[in-house]
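Single-letter residue listing:
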Amino acid sequence: LRATDDGDITGYDWESLARFAVLGTAVFPPLMFHWYKFLDARYVGVGAGLVARKVMMDQLIFTPPMIATFFIGMSLLEGKPDITKEFREKALPTFVANLGFWIPAHVINFRLIPPAGRVVYIGICSLLWVNFLCAVKRSERFQK
């Protein structure tokens, strides 16, 4: 989110930060809250089969629309004329990276973290993940 490296606070890209804040506070948390509440209610337990089912459902059902929401939502907030261009270019490599990060994170989440601690755990993981998304968003390297 830095526009410059001179250390001056005016070097921050405040508009970009605001766009990330909108998606990261108003859009994704309510969706994630209801999704994980559904998973925990529908699939109760920490057995290997249930954990695998939750992780697979998360990655194959929930994640693709969330990646689309991120790239298309950011493009809308940026006022880009082709709001799906960046999604088309970066969705697949982002999804592959997502699998590498979130599968182990969710195995730990669903198997070891008690439900009362999951919000904090997922919040920490999400902070790490959003930094990766910031890098992808700014990078030309992640285009297909």
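Structure: above.
Described in the following lines is the structure provided in the data block.

What counts as what
Residues numbered from 1 in each chain as written. Predicted model: local features only at pLDDT ≥ 70, side-chain atom pairs only at ≥ 80, totals over all residues. Heavy atoms only, no water. Salt bridge = Lys/Arg side-chain N within 4 Å of Asp/Glu carboxyl O. Disulfide = S-S within 2.5 Å. Buried < 20%, exposed > 50% of the residue type's maximum accessible area, 1.4 Å probe, protein only. Core = buried A, V, L, I, M, F, W, Y, C linked by side-chain atoms within 4.5 Å. Helix = DSSP H or I, 4+ residues; strand = E, 2+ residues; numbered from the N terminus. 1 Å grid on protein atoms, 1.4 Å probe; cavity = no way out; pocket = protein on both sides within 12 Å on 5 of 7 lines; lining within 4 Å. Points joined across faces, edges and corners; volume = space filled by probe spheres on them. Nonpolar A, V, L, I, M, F, W, Y, C, P; charged D, E, K, R; others polar. Expected span 1.5 Å × (residues − 1). Bend = angle between axes of the 7 residues up to and from the residue. Contact = heavy atoms within 4.5 Å.

The next thing to look at is the pattern of salt bridges. Counted by the stated rule, this structure contains 10 salt bridges. Linked through salt bridges whose partners overlap, the residues forming this network are Arg19, Glu78, Lys80, Glu86, Lys90 and Lys137.

Here we come to the state of the cysteines. The tally for this structure, following the rule as stated, stands at zero disulfides. Considering cysteine sulfurs only, Cys134 is the nearest to Cys125, which forms no disulfide, with 16 Å between them. Residue classification places Cys125 among the buried residues on the basis of a relative accessible area of 8%.

This part covers the nonpolar core. Ranked by internal contacts, the top residues of the largest apolar core, which has 30 residues, are Tyr36, Leu39 and Phe70. Mapped by element, the contributors of at least two residues to this core are α1 (14–42), α2 (48–78), α3 (85–112) and α4 (118–138). Here this core takes nine residues from α2, the largest share from any one element.

Where empty space is left in the structure can be found by rolling a water-sized probe over the atoms. The calculated volume of the largest pocket comes to roughly 900 Å³. Lining the largest pocket are 32 residues; nearest its centre among them are Phe28, Met32, Tyr36, Ile122 and Ser126. Broken down by element, the residue count for the lining of the largest pocket peaks at 12 residues, all from α1. Across the lining of the largest pocket, the residue classes break down as 19 nonpolar, nine polar and four charged.

On to α1, then. Along its 29 residues, α1 runs 41 Å from first to last C-alpha, staying within 8% of the 42 Å computed at 1.5 Å per residue. A maximum bend of about 40° is found in α1 at Phe28, where proline Pro29 lies one to four positions downstream. All of the buried residues in α1 are Ser16, Arg19, Phe20, Leu23, Phe28, Met32, Trp35, Tyr36 and Leu39. Check the buried side of α1 and you find it contacts α2, α3 and α4.

Here α4 spans 30 Å end to end across 21 residues, near enough to the 30 Å set by a 1.5 Å rise per residue. Listing the buried residues of α4 in full gives Arg118, Tyr121, Ile122, Cys125, Trp129, Leu133, Cys134, Val136 and Lys137. Buried-residue contacts for α4 involve α1, α2 and α3.

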